Structure formats: structure tokens, C-alpha cells
Amino acid sequence: MKRLITFVILAVLLSTAGFAARQKDLSGPIAIKGELQEQYEDFPAGTPVVIRKVVKMKSADQAGPDIFYATEINGIQFAIPSSALKTIKLSPPETNQEFWQQTYLKQHLYEYFGERGYNSKLRKEVDEECRDYLYKLEEIGYEDDFITSYVQNIFAKLTATGIDSNRSERLNVRVIQSPEPDAYMLPNGTMLISTGLLCTLDSEDELAAIIANEMSHFVLDHQVNNIYRAERRVKRAAFWGTVLAVTAEVALEVAYWDDDDTALGVGAVASIGSVAALLNVNVVNRLGMNYKNNQEYAADRVARELLEFKGMNPDGLASALSKVIGYYNIQQRGHKLLRYGNIDNLKKRIDKAGEAENQISHPYLKATSDVVTFNAAMNMADQRYEEAGRLIQKNINNNLATDHDYVILAKSQMALYNTEEVNEECATLLWKAKELAGDSPNLDIYKQEILLLMRMNKQAKAASTLKEYLGLLSRYQEQGMQGEEEEWTSKEIAWANQLLDKINRL
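Quantities reported herein were computed from a predicted structural model and do not represent experimental measurements.

(A) Inspection of the environment of Leu85 at higher detail. By the secondary structure assignment, Leu85 is in the loop between strand 5 (76–81) and strand 6 (88–90). Owing to a relative accessible area of 12%, Leu85 belongs among the buried residues under this scheme. Linking Leu85 and Tyr69, residues 16 residues apart in sequence, is a C-alpha distance of 8.2 Å. Filtering out sequence-adjacent residues up to four positions away, Leu85 remains in contact with Ile51, Tyr69, Ile80 and Leu105.

Listed below in C-alpha cells is the structure:
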């Protein structure tokens, strides 16, 4: 009843001030606490204040402010114009919702939406496009319930769900397969975290910082704002037709726009398989994620405030960005970075974000060690042997390596080198893999050992290992597998028998 009285009094106050009946609710019911930091009307500094609602009102003569805050000052209802908001010092937030509602106030988002509107039709089109895109991204989804839950837990600590009743986007997070250390917040509220990012970072605070930054872009409406500006520069049908095109075909070339609103001509889609086909600069730009520097800085500031509020290390952002730079330095790439533009931009953000201390957390490294193995295998399949070896070495250095890690490292070393010294090192790696596998035989170890023994001209030992391998394959076949597993086993048995016959004829 008290809140109802508040809004009734607000309406009376506004009407007596010469306002017409046109009123638009910008916030819905809120309860943002604070106190006066200087005298307002007859109330001294230090008087308690609660902001209950934000409305837009138009006066009959179009004069004066049009954004008002329905407030309780020491229990008395007042309509405070936006120009007087600086007289209120906000109290420290207690919940995520309060934090993000305060961010709306500090960043003048209510005024922004009051002037621009919510562009509901555009948001609907963007949501539909994002849904189509996410359907395609299922091809590269990372299917691991533990990691998905781990990332979701961090995301849930920071989420901005339900802060604005006028925005219908639903916030959620997905993990996708990609060697690049990227994170994207799509304009419909879906955040994408790459396996490459999880491998590049070393602490939960770093991951939380990246998530907080991307979420801040969403709350500040940067994606939709960028899409709105881009769409206005071209015909609507041409704009959305291009979006559909770049997400539909692997080797398609399309025009896109840079920060200076200038057409850059034709940009080629990167050629690194299905991942690069789905994650490319054209898609990033078209979905509003080609942020300007001032947008990055604004999101970084809000992200640091959020991390401090949640009791996390705000310097995790600078630490995370420095490791992203380290990744691209190893790749010898300084420009045309998919999410970050170029290394110079990252360095500028670090200068403004805080100390780039090297954060390391063993619980995080342990939680993500399987992702490191996965990305190493991904790089191995793409013949990026040095990168595969580098990732495996991370698990080894952190005492988290499995038998699979040692096999991948042996494979990458054998692909890069063929010297007596390296071959002996690979033999040691495979011995370590067998030791870790224990009573659960890893067929991949046996096959790689056979190939290594043949390379080292140890045919007798290779023949003995081949027989062990055939025995394991036969027992595996007896389990009654079907489909691809059955086909693979049959091919492996045929290969092993052919190689054994060849050795016996030598």
C-alpha cells in the first residue's frame, strides 16, 4: 500500500508541475537505497533515500526535464528530476539485482532508453538471428557436463537477470570448441565461452573477470546499439540478408563495417575448419560485438566494480587480458584478432584496468585440465603440433597430466622431430602414459608405441607389442560394439595384422 501511495503522490506532483498525462515507466518497481550527500529541499545531507521508480514524463510546453525518480526521502515521497540525481549517494549494493540497477543509474541507462526507446522490433529480429546462429553453433558445442556446470556456476554469481522488465533477453552461457581465447556476449543474452579461453586462463577470478566484462557490454546495451547504428547505414533487407549469409556458409565473403562507419570492402572468412567458419569477424561485427574502445573501457570499469562487489580480485581482468596477449604473441599474431581487434587495444585496456599480476589457482587448473587435453587434441588433429605440445606441457607442469596427455605429447614430438634423442624421450613419455593408465589399457598408447618402435628399427619389440595390441582389440570387439566403433576396430585389426605380416617377412 505504501508503494501505491508513492506513485499516486508522484503522479499528483507531476501533474501540479504542469505535466501532461503522458507517462512511461522506464524501470518498473525498484528499491535502490542511498542517502542525500548534500541538502535537498528541506532535507539535510545524510537523510535516507529510496528510489522506487523511474518514469518519463512530457510537459505540456515541452520545457524542463522529462526523466523523474519517484523517491522516498526520510519516508516522504518526492519526484526528483534526473538533474538532481547527483545529490544522492547510493548505498553499497547487497544483491546482484541492486548492483545492476545501480549501474543503470550511474551509466544513465534509464535516460538512454527514455530517449532511444527499447527498439523492440529490432531486438526481436536480433533474437531470431541469434537463435539461428546458436543452432549452427551446436556443431562445435563442448559436451562436458562438469565443465558446463563449472562455467555456469561462475556465470550465475555475476548474472544480471531480471534487472529491466522492458528487456526480455534471457541470460545463459554455453561453452564452445575453439582454439582462440575468446568470449562473446550475444545481443540476445547468450554468452559463449571458448575452450581456448579456459585453457589460456589460470584462475577462477580471471574467468569471472572476462564474464563480468562481457556481461557489462550486454547491460550497457553495446551490442544492440552497434547493430542499430550499422543497420541504419544500409537497407534493412541488405543488412539482415548479410547476417544470414555469413552464418550459413563456410567460405563466403561479405562486406562489414569498422568503428569509423566506413565500409571495409570484402573480408575473407578464416579457413580453420568448422570452428572458423562459425566464429569469424563478419559474424562478430554483424551481431554488434565489434566494440569501440570507449565501450571496452566502460565495460571494464563496470566489470571491476562487479568483481569487487562479489569479493573477487578486480585485477583478474588485467591478468586475464595479459594472458590473452601471451597467447597471441606465441601465435605471432598482433592484429586481426577475432574478439579483441589487436594487441595494442588489449594493452591500452590493461593500462586502464589495473595491475596485470599473474594469477594462478590450482583448483581452477585442476577443473580445466581436461579442457586443456581436449584443445591439445584439437590442435593435434589440425597439425598444429607445437601448440598441442605447449598445451600438454601446461598440464604436466601443474602435475595434472593424464595418460592421454602423454600420448598426445609423444605424437606431437614424433610429428615434429626424428632424432635418436627425441625418440628416446617419446619412449619415456609412452612408458609414463602406460603407468598412468594402470589396469585400464589405453589402445592409443599401444599403437603409438608400435609406430615409435618401427621408427627406431626395433622390429622384434614392435611385433611383440603388435600381438598385445591385437589381443586388446579382439577383447574390445567381443564386447559387441556397433556402428563406428565396430568399423574402427575392424580396421585396426586389419592394419595390425598387415603390419605384423610385414615384420615377419623381414
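Continuing now.
(B) Spatial organisation of the packing of aromatic side chains. Tallied over the entire structure, the rule returns 13 aromatic pairs. Arranged with centres 5.4 Å apart and planes meeting at 85 degrees, the rings of Phe43 and Phe78 form a pair that is edge-to-face. Remark: Phe78 occurs in strand 5 and Phe43 occurs in the loop between strand 2 (32–36) and strand 3 (48–59); sequence separation between them is 35 residues. Judged by its relative accessible area of 22%, Phe78 is partly exposed. On the basis of an interplanar angle of 20 degrees and a centroid distance of 6.3 Å, the ring pair of Phe146 and Tyr150 is categorised as stacked. Of this pair, Phe146 and Tyr150 are both found in helix 5 (residues 145–158), four residues apart, which corresponds to roughly one turn of the helix. Classification of Phe146 by relative accessible area gives exposed; the value is 51%.

(C) View of helix 4 (residues 120–137). Taking 1.5 Å of rise per residue, the 18 residues of helix 4 would be expected to cover 26 Å, and the 25 Å separating its terminal C-alpha atoms lies within 8% of that figure. Listed as buried for helix 4 are Leu122, Arg123, Val126, Glu129, Cys130, Tyr133, Leu134 and Leu137. Relative to the axis of helix 4, the buried residues are bounded by an arc of 140 degrees and lie together on one face. Exposed residues on helix 4 whose side chains face more than 90 degrees from its buried face are Ser120, Lys121, Lys124, Arg131 and Tyr135.

(D) Focus on the pattern of salt bridges. The full count for this structure, using the stated rule, is 25 salt bridges. Arg131 serves as the salt-bridge partner of Asp127, at 2.9 Å between the closest nitrogen and oxygen. Placement of the pair is Asp127 and Arg131 together in helix 4, with a separation of four residues, close to one helical turn. Judged by its relative accessible area of 24%, Asp127 falls in the partly exposed class. With a shortest N-O distance of 3.3 Å, Lys157 and Glu204 are connected by a salt bridge. Here Lys157, found in helix 5, pairs with Glu204, found in helix 7 (residues 204–219); they are 47 residues apart in sequence, far enough to count as distant.

(E) Molecular detail of the nonpolar core. Of all hydrophobic cores here, the largest spans 102 residues; its most connected members are Trp100, Ile193, Leu198, Leu207, Ile210, Ile211 and Met215. Ranked by the residues each element gives to this core, the list is headed by helix 7, at nine residues. Among residues more than four places away in sequence, those in contact with Met215 are Trp100, Phe155, Leu158, Thr159, Ala160, Leu171 and Met191. Residues Tyr133, Leu137, Leu192 and Tyr291 belong to the second largest nonpolar core, which totals 23 residues.

(F) Geometry of the sheet that holds strand 7 (residues 172–176). With mixed pairing, three strands are arranged side by side in an open sheet as 7-9-8. Two strands close off the open sheet at either side, each with one partner strand: strand 7 and strand 8 (183–185). Between one strand axis and the next, the sheet turns through 15 degrees on average, direction left out of account. Sheet topology note: the strand 7/strand 9 (residues 190–194) ladder contains five bridges and is parallel. Bridging from a neighbouring strand, Asn172 pairs with Thr190 of strand 9.

(G) Up close: unusual backbone geometry. Notably, Gln383 is not glycine yet its phi reads approximately 60 degrees, a positive angle. Tracing the chain through its elements places Gln383 in the loop between helix 16 (369–381) and helix 17 (385–397). The exposure class of Gln383 is exposed, given its relative accessible area of 58%. The phi dihedral of Asn457 falls on the positive side, at around 60 degrees, and the residue is not glycine. For Asn457, the position within the fold is in the loop between helix 20 (443–455) and helix 21 (459–477). Given the relative accessible area of 59%, Asn457 is considered exposed.

Calculation notes
Residues numbered from 1 in each chain as written. Predicted model: local features only at pLDDT ≥ 70, side-chain atom pairs only at ≥ 80, totals over all residues. Heavy atoms only, no water. Helix = DSSP H or I, 4+ residues; strand = E, 2+ residues; numbered from the N terminus. Buried < 20%, exposed > 50% of the residue type's maximum accessible area, 1.4 Å probe, protein only. Contact = heavy atoms within 4.5 Å. Phe/Tyr/Trp six-rings, centres within 6.5 Å; stacked < 30°, edge-to-face > 60°. Expected span 1.5 Å × (residues − 1). Arc of directions from axis to C-beta. Salt bridge = Lys/Arg side-chain N within 4 Å of Asp/Glu carboxyl O. Core = buried A, V, L, I, M, F, W, Y, C linked by side-chain atoms within 4.5 Å. Pairing = 2+ DSSP bridges. Axes fitted to C-alpha atoms, helices over the stretch in contact; angles between N-to-C directions.

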